[in-house]
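Below, each chain spelled out in residue letters.
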Amino acid sequence: MFDIAQLNESELLMQVASGNEQAFRKLFMMYHQQLGVHMLRVTNSAELAEEVVQDVFLKIWLTRESLVGVDNFKAYLFVISKNHALNCLKKLAKERTMVKQLEDSDLKIMIPEAGYTDMYYNLLDEAIDHLPPQQQKVYLLSRHNRLKYAEIADQLELSRETVKKYLQIATVSITEYVHEHLEVTAMLLVTLKSFLIFFKIR
């Protein structure tokens, strides 16, 4: 039986490509630390850097057959990691822009007509109920209890960065839910009004 520790990188990649978990663990141990340092420079966030490293190595394992054609694994690893990190940063920037717009307007989503206020608040409650438990707690502590990131982090035993991320994701989810359902409900009400008017005229 071969010794994983004695394999060169090319042989190690072949073993990973064939589904050898021990070889994959060695590959991870060889590169995860220096990749994490590099991603920290790219993202300027320890949490995001760790997330990128985990995502990339998961992708490598799921697509391990493709390692057969890789000549320089370090270069390959750093290229796909940088691309993934940039995509994450773009997504994060988009979420932050949306959150900033919502915070500036104090989460006042436009209502099609004045009579839809109750419907809006019902949908808002539904949207909050649909959030994952931890996101829901963070959102309620921030918006209802008016706690700061650090206070929420202490109360839920989370990092300040995680609290901020959960709040951003929750705010975007709530906004999309309310917009989507409010639009559909409004259309149904308009259609119903049209039918009622039609039958009334007849």
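Here, the structure is the one placed above.
Trainee: Quick question: what am I supposed to make of the overall build of the chain here?
Mentor: Scanning the chain for helices and strands turns up 8 helices and 0 strands. Each helix and strand of the chain, ordered N terminal to C terminal, gives the series α-α-α-α-α-α-α-α. In the chain, 61% of the contacts between residues at least 6 apart in sequence involve partners at least 24 apart.

Trainee: What is the right way to look at the pattern of salt bridges in this model?
Mentor: Any two side chains of opposite charge can pair, on the condition that their charged atoms come close. In this structure the tally under the stated criterion is 1 salt bridge. Put simply, E51 and K165 hold a salt bridge, and the shortest N to O gap is 2.5 Å. With a gap of 114 residues between them, E51 in helix α3 (residues 46-62) and K165 in helix α8 (residues 160-201) connect regions that are remote in the sequence. Under the relative-accessibility criterion, E51 is labelled partly exposed at 25%. For K165, a relative accessible area of 27% translates into the label partly exposed.

Trainee: When you look at the nonpolar core in this model, what are you seeing that I'm missing?
Mentor: In globular proteins that are soluble, nonpolar side chains generally tend to be buried together. If you look at the biggest cluster of nonpolar residues, it comprises 26 residues, and the most contacted ones within it are F57, I60, L67, F73 and L77. Of all elements in the fold, only α1 (9-17), α2 (21-43), α3 and α4 (73-104) reach the threshold of two or more residues within this core. Per element, the largest residue contribution to this core is 8 residues, and it comes from α3. Ignoring anything within four residues of it in the chain, the contact list for L77 reads Y31, L35, V56, F57 and I60.

Trainee: Explain the packing of aromatic side chains here, please?
Mentor: By convention here, two paired aromatic rings are described through the distance between centres and the angle between planes. Summed over all chains, the structure comprises 5 aromatic pairs. With a centroid separation of 4.9 Å and an interplanar angle of 75 degrees, the aromatic rings of F28 and F57 are classed as edge-to-face. In this pair, F28 is assigned in helix α2 and F57 in helix α3, connecting sequence segments 29 residues apart. Residue class for F28 comes out partly exposed when judged on its relative accessible area of 26%. You can call F57 buried: its relative accessible area is 3%. Ring centres of F73 and Y76 lie 6.2 Å apart, and the angle between their planes is 40 degrees; this geometry places the pair in the tilted category. Here F73 pairs with Y76, and both are found in helix α4, just 3 residues apart, close to one helical turn. Of the residues examined, Y76 reaches a relative accessible area of 24% and is grouped as partly exposed.

Trainee: Before we go on, may I ask you to explain the side chain of S45 in this structure?
Mentor: Looking at the secondary structure, you find S45 in the loop between α2 and α3. For S45, a relative accessible area of 15% puts it in the buried group. Non-local contacts of S45, meaning those with residues more than four positions away in its chain, are made with L40 and E161.

Trainee: Teacher, can you tell me more about α1 here?
Mentor: Residue pairs three or four apart in sequence face the same way in an α-helix, which turns once every 3.6 residues. For α1, the complete set of buried residues consists of L12, L13, V16 and A17. Down the axis, α1 shows its buried residues gathered within 140 degrees of arc, on one side only. Downstream of α1 by a residue or two, G19 has a phi angle that is positive, lying close to 100 degrees.

Trainee: Honestly, the packing of α1 against α2 in this entry has me stumped. Any pointers?
Mentor: The relative placement of two packed helices comes down to the angle between their axes together with the axis-to-axis distance. It is the contact of α1 with α2, at a shortest axis distance of 8 Å, that shows an interaxial angle of 130 degrees. As summarised for this structure, α1 and α2 are arranged oblique, according to the angle between their axes. Viewed along their axes, α1 and α2 form a crossing whose handedness is left-handed. Residue-level inspection shows E9, L12, L13, Q15 and V16 of α1 in contact with α2, the latter providing A23, F24, K26, L27, M30 and Y31. Counted by class, the contact of α1 with α2 contains 8 nonpolar, 1 polar and 2 charged residues.

Cut-offs applied
- Residues numbered from 1 in each chain as written.
- Predicted model: local features only at pLDDT ≥ 70, side-chain atom pairs only at ≥ 80, totals over all residues.
- Heavy atoms only, no water.
- Helix = DSSP H or I, 4+ residues; strand = E, 2+ residues; numbered from the N terminus.
- Contact = heavy atoms within 4.5 Å.
- Salt bridge = Lys/Arg side-chain N within 4 Å of Asp/Glu carboxyl O.
- Buried < 20%, exposed > 50% of the residue type's maximum accessible area, 1.4 Å probe, protein only.
- Core = buried A, V, L, I, M, F, W, Y, C linked by side-chain atoms within 4.5 Å.
- Phe/Tyr/Trp six-rings, centres within 6.5 Å; stacked < 30°, edge-to-face > 60°.
- Arc of directions from axis to C-beta.
- Axes fitted to C-alpha atoms, helices over the stretch in contact; angles between N-to-C directions.
- Parallel < 35°, antiparallel > 145°, perpendicular 65-115°, else oblique.
- Left-handed = near helix turned anticlockwise from the far one by under 90°.
- Nonpolar A, V, L, I, M, F, W, Y, C, P; charged D, E, K, R; others polar.

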